[in-house]
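If you want the building blocks of each chain, they are given just below.
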Amino acid sequence: MQVRRLENTGAIEFIPKSFPDHRGLFVAPFQEAALVEAVGHPMRVAQTNHSVSARNVIRGVHFSDVPPGQAKYVYCPRGALLDVVVDIRVGSPTFGRWDAVRLDSDEYRGLYVPEGLGHAFVALTDDTVMSYLCSTPYNPGAEHGISPLDPELGLPWSDHLTGEPVLSEKDRAAPTFAEAAEKGLLPDYETCLAHYETLR
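- An unreviewed UniProt entry lists the protein chain under the name dTDP-4-keto-6-deoxy-D-glucose epimerase, with Saccharopolyspora hirsuta as the source organism.
- Under Sequence similarities (unreviewed entry), UniProt gives the following word-for-word description of the protein chain: "Belongs to the dTDP-4-dehydrorhamnose 3,5-epimerase family."

Pasting the structure below:
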């Protein structure tokens, strides 16, 4: 398993080795030992999610209150998507910056998104599947969103869309980055760091 820490957000990309043969292919997109070595602690899996998206569907930018927050390990078992992680932690040295990684069913790359970061993606093909391992269960009262089309964030959708973006009503109505900050919705960087230490 190859590991790469993303420059702007601290999210971590994992690149597993695939084993193709005449029967098909075997790959292990999530490997706990590799994650623990890279992150410094294991990831509790409280829930797994599975989404199917048509081309040009954008989901996110989603995040949860910290603590406890929700860490995610995501990969794409079918199709292709552009995954985007945004540092929305107030006080972070990389506050407002983002990283983008292509996840697809050719390489089965995985992405670890720590608590306190914003997460979104755009489907690049029809019937794109995203699999999520989540550290905490769904908690609607603690979950929030930021508009993925907010020009202040400047997320790289336009280079990957082949038509109009397709969003849920909830994501379309989400506040801008500035509005979320004004409402006090964004996680605090020092609080996130302290929470990470409790996981070690």
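There's more to say after this.
Here's the deal with helix 1 (residues 32-39)
Right, on to step 1. When helix 1 is considered as a whole, its buried residues turn out to be Ala34, Leu35, Ala38 and Val39. Mapping the buried residues of helix 1 onto a view down its axis gives an arc of 110°, with all of them on the same face. Residues Ala33 and Glu37 are exposed on helix 1 and point more than 90 degrees away from its buried face.
Right, on to step 2. Residues of helix 1 that are buried make contact with strand 1 (2-5), strand 2 (12-15), strand 7 (72-78) and strand 10 (110-113).
Right, on to step 3. Downstream of helix 1 by a residue or two, Gly40 has a phi angle that is positive, lying close to 100°.

Some words on the nonpolar core
Right, on to step 1. Grouped together as the largest cluster of nonpolar side chains are 19 residues, with contacts concentrated most on Val86, Ile88, Ile146, Leu155, Trp157 and Leu186.
Right, on to step 2. Of all the elements in the fold, those that place two or more residues in this core are strand 6 (58-64), strand 8 (80-87), strand 11 (117-123) and helix 3 (177-182).
Right, on to step 3. Ranked by the residues each element gives to this core, the list is headed by strand 8, at 4 residues.
Right, on to step 4. For Val86, the contacting residues outside a window of four places in its chain are Thr9, Val61, Arg97, Trp98, Leu117, Gly118, Leu153 and Leu155.
Right, on to step 5. In this structure, Cys76, Val85, Leu111 and Met130 belong to the second largest nonpolar core, which totals 15 residues.

What about the packing of aromatic side chains?
Right, on to step 1. Under the criterion given, the structure shown has 3 aromatic pairs.
Right, on to step 2. On the numbers, 4.9 Å between centres and 80° between planes, the contact of Phe30 with Tyr73 is edge-to-face. Placement of Phe30 in the loop between strand 4 (24-27) and helix 1 and of Tyr73 in strand 7 is noted, with a sequence separation of 43 residues between them.
Right, on to step 3. Given the relative accessible area of 1%, Tyr73 is considered buried.
Right, on to step 4. A ring pair is formed by Phe95 and Phe177, whose centres lie 5.1 Å apart and whose planes are at 35°; its orientation type is tilted.

Focus: the side chain of Ser147
Right, on to step 1. Structurally, Ser147 can be placed in the loop between strand 13 (143-145) and helix 2 (169-172).
Right, on to step 2. When its relative accessible area of 11% is taken as the criterion, Ser147 is described as buried.
Right, on to step 3. In terms of polar contacts, Ser147 uses its side chain to reach the backbone amide nitrogen of Leu149, at 3.2 Å.
Right, on to step 4. Excluding residues that lie within four positions of it along the chain, Ser147 makes contacts with Leu153, Asp171, Ala174 and Pro175.

Analysis parameters
Residues numbered from 1 in each chain as written. Predicted model: local features only at pLDDT ≥ 70, side-chain atom pairs only at ≥ 80, totals over all residues. Heavy atoms only, no water. UniProt positions renumbered as here; feature names shortened; annotations may be inferred. Buried < 20%, exposed > 50% of the residue type's maximum accessible area, 1.4 Å probe, protein only. Helix = DSSP H or I, 4+ residues; strand = E, 2+ residues; numbered from the N terminus. Arc of directions from axis to C-beta. Contact = heavy atoms within 4.5 Å. Core = buried A, V, L, I, M, F, W, Y, C linked by side-chain atoms within 4.5 Å. Phe/Tyr/Trp six-rings, centres within 6.5 Å; stacked < 30°, edge-to-face > 60°. Polar contact = N/O pair within 3.5 Å; in protein donor to acceptor, adjacent residues only side chain to side chain.

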